[in-house]
Amino acid sequence: MPGFKDILGHEQMIEHLRNAITMDKVSHAYIINGPDKSGKMMLAEAFAQTLQCERLHEAIAAADGEGGAVEACMECRSCKQAIGRNQPDIIYVKHEKPNTISVDDIRTQVNNDIVIKPYSSKHKIYIIDEAEKMNVQAQNALLKTIEEPPAYAIIILLTTNADAFLQTILSRCVTLNVKVVADEKIKKFLMSKYQVPDYQADICVAFAQGNVGKAIQLASSEDFNELKAAVLQLMKRLKDIDIYEMGEAIKQISEYKLAINDYFDLMMIWYRDVLLFKATGDVNGLIFKDEVYDIKRQAEKSSYNGIEEILKALRKAQVRLNANVNFDLVIELLLLTIKEN
């Protein structure tokens, strides 16, 4: 479990949480809202661990009114328990049904438990991951607790969609929105911690769009490398394949049906590189730097208007697939558009 100092990015949110601790203005309920793998759990755990740290008052005294210095010691009994996820007063709310957090889950794990005082800490902290999965009954049950919580209770809702909550829940929680992390920070982190070469780090960073967790996943994913290789192979030869070979290309893409949005995003990055090289002739701005020969060749053969038409067709194809239009038909139309342009 990382402390605040180990988290990449999210400086504003960390400063807010540290200041709340330093100034003794910790809310009884928080919503941490952001995309999947964006660091919500790390932030919640660092906050919970710091709040429960047995040497917290020493850290606050050392901070001398400045929130930035507040950090869990990582050495006291509470911190060690938190690192092992067995601190008795940091409770992770679980749910058996994959797509629903039920009223029973909230009643048994939160409402009935919260009346029992903390075992060994100042606070009793509940972390509810995937909180957008709470049904209306579960939210109403939680609302009663949020309205009149014991002084020691803190509830942290982690969600990819804060709009899924009742307005009454939203109005009683402090909402913190996870911001994207700068590309350069993520690239440097991937290269130093995961020994990823710079060209591969560029691809992961472009793809992750400021999401550190997604960048780490991509950097260490064999499936992603295989997908990338398949896309690049098709991009290099698509203009030259005959119409009768189109069926084979469609069949090849259909093997990646479950990852089709990632497939399309890689295609988008490829044509963005072609457009950028055509406009500037600059290799440094490319994501696929190691494919510069083929990018240059395609840039020479393509018009600006043609590349724009391809990018437009890719976006249209994504919309059609999300609307459940026939997969093979959508892909065929897309490939034909690419060939024509």
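Relevant structure appears above.
Residues numbered from 1 in each chain as written. Predicted model: local features only at pLDDT ≥ 70, side-chain atom pairs only at ≥ 80, totals over all residues. Heavy atoms only, no water.

K.L.:
Before we move on, could you go through unusual backbone geometry and cite the residues and values that matter?
P.N.:
Not every positive phi belongs to a glycine, and histidine 10 is a case in point at roughly 55 degrees. Residue classification places histidine 10 among the buried positions, given a relative accessible area of 9%. (Buried < 20%, exposed > 50% of the residue type's maximum accessible area, 1.4 Å probe, protein only.)

K.L.:
I'd like a description of the packing of aromatic side chains, backed by residues and values.
P.N.:
How two aromatic rings sit relative to each other is given by the distance of their centres and the angle of their planes. A full pass over the atoms with the stated rule returns three aromatic pairs. On the numbers, 5.3 Å between centres and 85 degrees between planes, the contact of tyrosine 30 with phenylalanine 47 is edge-to-face. Here phenylalanine 47 lies in helix α2 (residues 40–52) and tyrosine 30 lies in strand β1 (residues 29–33), a separation of 17 residues in the sequence. The residue whose ring lies beneath lysine 278 is tyrosine 304, and the NZ or CZ to ring-centre distance is 5.4 Å. (Phe/Tyr/Trp six-rings, centres within 6.5 Å; stacked < 30°, edge-to-face > 60°. Helix = DSSP H or I, 4+ residues; strand = E, 2+ residues; numbered from the N terminus. Lys NZ or Arg CZ within 6 Å of the ring centre and 35° of its normal.)

K.L.:
Account for the nonpolar core, naming residues and giving values.
P.N.:
The biggest cluster of nonpolar side chains holds 59 residues, and the ones touching the most others in it are Leu190, Tyr263, Phe264, Met267, Tyr271 and Leu335. Per-element accounting of this core gives the leading share, twelve residues, to helix α13 (residues 260–280). With residues near it in sequence (within four places) discarded, tyrosine 271 still touches Met235, Gln298, Ile307, Ile310, Leu311, Leu314 and Ile338. (Core = buried A, V, L, I, M, F, W, Y, C linked by side-chain atoms within 4.5 Å. Contact = heavy atoms within 4.5 Å.)

K.L.:
Tell me about the packing of helix α8 (residues 183–193) against helix α10 (residues 212–219), and name the residues and values.
P.N.:
Look at α8 against α10: their axes get within 11 Å of each other, and the N-to-C directions meet at 35 degrees. Once α8 is placed against α10, the crossing between them reads as right-handed. Between α8 and α10, the contacting residues are Ile186, Phe189 and Leu190 on the first element and Val212, Ala215, Ile216 and Ala219 on the second. Across the contact of α8 with α10, the residue classes tally to seven nonpolar, no polar and no charged. (Axes fitted to C-alpha atoms, helices over the stretch in contact; angles between N-to-C directions. Left-handed = near helix turned anticlockwise from the far one by under 90°. Nonpolar A, V, L, I, M, F, W, Y, C, P; charged D, E, K, R; others polar.)

K.L.:
Explain the environment of asparagine 225 residue by residue, including any values.
P.N.:
Structurally, asparagine 225 can be placed in helix α11 (residues 222–237). Its relative accessible area of 25% is what places asparagine 225 among the partly exposed residues. Distance from asparagine 225 to glutamine 200, taken between C-alpha atoms, is 9.5 Å for residues 25 residues apart in sequence.

K.L.:
An account of helix α5 (residues 103–114) is requested, with residue identities and associated values reported.
P.N.:
Within α5, burial applies to Val103, Asp105, Ile106, Val110, Asn111, Asp113 and Ile114. Residues of α5 that are buried make contact with β2 (90–93), β3 (124–128), α6 (136–147) and β4 (153–159).

K.L.:
Give a detailed account of the side chain of serine 121, specifying residues and quantitative values.
P.N.:
Along the chain, serine 121 turns up in the loop between α5 and β3. A distance of 2.9 Å separates a polar atom in the side chain of serine 121 from a polar atom in the side chain of glutamine 87. Setting aside chain neighbours within four positions, we find serine 121 in contact with Gln52, Gln87 and Asp89. (Polar contact = N/O pair within 3.5 Å; in protein donor to acceptor, adjacent residues only side chain to side chain.)

K.L.:
Give me the lowdown on a negative patch on the surface, citing residues and values where you can.
P.N.:
On the surface, a cluster of negative charge is contributed by Glu222, Asp223, Glu226, Glu248 and Glu255. You can call glutamate 255 exposed: its relative accessible area is 61%. (Patch = residues over 30% accessible without salt bridge, like charges linked within 9 Å, V, L, I, M, F, W, Y side chains within 5 Å. Areas by Shrake-Rupley, 256 points an atom, 1.4 Å probe, with all protein chains shown as cover. Salt bridge = Lys/Arg side-chain N within 4 Å of Asp/Glu carboxyl O. Lys, Arg positive; Asp, Glu negative; His and termini not counted. Charge placed at Lys NZ, Arg CZ, Asp CG, Glu CD.)

K.L.:
Please set out the packing of helix α9 (residues 198–208) against α10 residue by residue, giving values where relevant.
P.N.:
Two numbers describe how α9 lies on α10: the axes approach to 8 Å, and their chain directions differ by 140 degrees. Relative to α10, the element α9 lies oblique. You can see that α9 and α10 cross each other, and the crossing is right-handed. Seen from α9, the contacting residues are Gln200, Cys204, Phe207 and Ala208; seen from α10, they are Lys214, Ala215, Leu218 and Ala219. (Parallel < 35°, antiparallel > 145°, perpendicular 65-115°, else oblique.)

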